[in-house]
Amino acid sequence: MAFTLLQDGFRSNLVLPGIFYTLLFFSVKGLIPFLKGQDLLQSSIGPFGRDVSSLVLAMKSVMVPYMYELDPTVPPMSFNTEVYESKKRLKIGFYYEDGCTPVTPACRRAVEITKAALEKQGHTLVEWSPYKTKTNIPYFYGKCVLPDGGKYFKNFLMKDRVCKVAVANLNTVVSTPQWIRSIIAFLVKPFMPRLHQTIEATNGFNTITEYWYMGEALKKWRNEFTEQWQSEGFDCLICPSFACPALPIGYPAYCTSGATYTCLYNLLNFPAGVVPVSKVTKEDEDAMKDYPTFDLQHKWIKKGMVGSRGLPVSVQCVALTWQDEMCLRLMKDVEEAIKTD
């Protein structure tokens with residue numbers, strides 16, 4: 001069992017289950033955050049393990065009075081066994097795409113088979129369109145990570161050769177003067193709309209007032225998203241964990257748009273976990289011939305899926321803020337339903 005710091009969403013399609021919790025559910029004292037000095041988008045800690053019961057064991061072992069003595073900023077809570085062990089039938093929302101990046105056939109199929117397996121257990125599954133994600137995810141994520149136009153991020157990357165390679169695309173952007181970025185964003189908009197959005201979001205703010213208004217808009221969207229969820233009566237939700245299965249080394253740097261499926265719940269501060277449910281099949285590979293490539297990053301994804309047969313494919317399980325036990329309950333149900341199916 002291990003704990004990992006999760007912020008950018010690249011926990012997808014693990015061969016093992018994993019989860020990141022509601023921010024401050026556990027203490028992050030002593031950990032080095034991805035970006036210091038800003039509170040709108042913070043790192044969240046969470047474990048991955050052999051199975052969902054391992055994640056529950058990890059959670060219970062940390063939710064003890066001693067943790068709250070060590071860090072009084074964490075609200076003292078105990079594990080909600082009633083929610084986790086409940087046999088109540090759930091109303092579960094699901095969606096295949098978030099409007100930002102198209103999923104590969106394998107990831108769509110993973111949601112389909114999980115939906116069918118949960119319905120066999122007696123749960124109610126309702127298709128849903130996530131609220132205002134197409135423009136809000138790239139805008140808010142870019143603005144939260146690079147509010148200064150990338151100066152801090154660039155200095156951070158200079159100290160880490162491995163990280164610099166892993167996010168080579170973004171490193172190139174933040175190393176480019178802002179006025180040149182604006183020209184590039186204009187030029188690439190027709191054939192790389194996702195890159196256009198990313199570059200636009202990385203230009204930062206001209207004044208503190210603009211940053212303040214962005215923070216207000218983000219909180220407003222969080223509230224509206226939650227209200228839309230609650231109006232549907234959902235207990236929890238399933239969706240893809242990434243736009244595609246694991247990519248070859250070097251490819252993720254050029255496929256960052258695929259992470260929007262998990263970045264969304266970092267922005268919203270919803271607990272979310274992944275459960276492996278299938279593997280890439282020959283039919284999945286063959287169906288990639290129809291994968292849309294209207295964006296250059298999508299072409300990288302399509303190229304990266306050549307020879308992907310046999311790779312694990314996961315689904316993402318999500319619950320509302322502070323309902324981490326509900327998220328784990330859904331993950332357990334998915335794990336058991338897939339085994340039974």
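Note that the structure is a prediction, hence the values are computed from the model and not measured. (Residues numbered from 1 in each chain as written. Predicted model: local features only at pLDDT ≥ 70, side-chain atom pairs only at ≥ 80, totals over all residues. Heavy atoms only, no water.)

### Observations regarding helix H14 (residues 296-304)
Of all the positions in H14, only Gln 297, His 298, Ile 301 and Gly 304 are classed as buried. Each buried residue of H14 lies within a common arc of 120° when the element is viewed along its axis, so the set occupies one face. (Buried < 20%, exposed > 50% of the residue type's maximum accessible area, 1.4 Å probe, protein only. Helix = DSSP H or I, 4+ residues; strand = E, 2+ residues; numbered from the N terminus. Arc of directions from axis to C-beta.)

### A look at unusual backbone geometry
Positive phi values are uncommon outside glycine, yet Asn 269 reaches one of about 60°. Within the fold, Asn 269 resides in the loop between helix H12 (260-268) and strand S7 (272-279). Phi at Trp 322 is positive, roughly 70°, even though this residue is not glycine. Relative to the helices and strands, Trp 322 is located in the loop between strand S8 (312-318) and helix H15 (324-340).

### Let's talk about empty space enclosed by the protein
Throughout the structure, instances matching the rule amount to one cavity of 30 Å³ or more. Approximately 40 Å³ is the volume found for the largest cavity. What lines the largest cavity is simply Thr 104, Pro 105, Ala 106, Val 280, Asp 284, Glu 285, Met 288, Met 305 and Ser 308. Mapped by element, the contributors of at least two residues to the lining of the largest cavity are helix H4 (105-120) and helix H13 (282-287). For the lining of the largest cavity, a count of residues per class yields five nonpolar, two polar and two charged. (1 Å grid on protein atoms, 1.4 Å probe; cavity = no way out; pocket = protein on both sides within 12 Å on 5 of 7 lines; lining within 4 Å. Points joined across faces, edges and corners; volume = space filled by probe spheres on them. Nonpolar A, V, L, I, M, F, W, Y, C, P; charged D, E, K, R; others polar.)

### Thoughts on the packing of helix H5 (residues 133-145) against H12
With their axes 10 Å apart at the nearest point, H5 and H12 run at an angle of 65° to one another. For the element pair H5 / H12, the angle class is roughly perpendicular. Between H5 and H12 the crossing geometry is left-handed. Residues Thr 133, Ile 137, Phe 140, Tyr 141 and Cys 144 of H5 lie in contact with H12, whose contacting residues are Thr 260, Cys 263, Leu 264 and Leu 267. When the residues that make up the contact of H5 with H12 are grouped by side-chain class, the tally is seven nonpolar, two polar and no charged. (Axes fitted to C-alpha atoms, helices over the stretch in contact; angles between N-to-C directions. Parallel < 35°, antiparallel > 145°, perpendicular 65-115°, else oblique. Left-handed = near helix turned anticlockwise from the far one by under 90°. Contact = heavy atoms within 4.5 Å.)

### A closer look at the nonpolar core
Grouped together as the largest cluster of nonpolar side chains are 89 residues, with contacts concentrated most on Trp 221, Phe 225, Ile 238, Tyr 265, Leu 267, Leu 328 and Met 331. Per-element tally for this core: the top contributor is H15, with seven residues. Filtering out sequence-adjacent residues up to four positions away, Trp 221 remains in contact with Tyr 131, Lys 132, Thr 133, Asn 136, Ile 137, Phe 140, Leu 264, Leu 267 and Leu 268. Core analysis: the second largest hydrophobic core is formed by six residues, Ala 185, Met 192, Leu 195 and Ile 199 among them. (Core = buried A, V, L, I, M, F, W, Y, C linked by side-chain atoms within 4.5 Å.)

### Points about the side chain of Asn 203
Within the fold, Asn 203 resides in the loop between helix H10 (193-201) and helix H11 (208-232). Accessibility expressed as a relative area gives 14% for Asn 203, which makes it buried. A polar atom in the side chain of Asn 203 sits 3.4 Å from the side chain of Ser 182. If sequence neighbours within four positions are ignored, Asn 203 has contacts with Lys 143, Gly 149, Gln 178, Arg 181 and Ser 182. (Polar contact = N/O pair within 3.5 Å; in protein donor to acceptor, adjacent residues only side chain to side chain.)

### Details of the confidence of the model for the chain
Taken as a whole, the chain shows an average pLDDT of 85; of its residues, 91% reach a score of 70 or greater. Scored below 50 in pLDDT, residues 1-12 makes 55 contacts in the model with residues more than four places away or belonging to other chains. (pLDDT = per-residue confidence, 0-100.)

### Focus on the packing of aromatic side chains
Considering all chains together, one arrives at 18 aromatic pairs under this definition. When the ring of Tyr 21 is compared with that of Phe 25, the centres are 6.0 Å apart and the planes differ by 25°; the resulting orientation is stacked. Considered together, Tyr 21 and Phe 25 belong to a single accessibility category, that of buried residues. An aromatic cluster is present here, built from Trp 128, Tyr 139, Phe 140, Trp 221, Phe 225, Trp 229, Phe 234, Tyr 265 and Phe 270 joined pairwise through their rings. Geometry around Tyr 84 places Lys 332 over its ring, the cationic atom sitting 4.3 Å from the centre. (Phe/Tyr/Trp six-rings, centres within 6.5 Å; stacked < 30°, edge-to-face > 60°. Lys NZ or Arg CZ within 6 Å of the ring centre and 35° of its normal.)

### A few points about the side chain of Asn 136
Within the secondary structure layout, Asn 136 lies in helix H5. Judged by its relative accessible area of 14%, Asn 136 falls in the buried class. At 3.1 Å, the side chain of Asn 136 and the backbone oxygen of Lys 132 are in polar contact.

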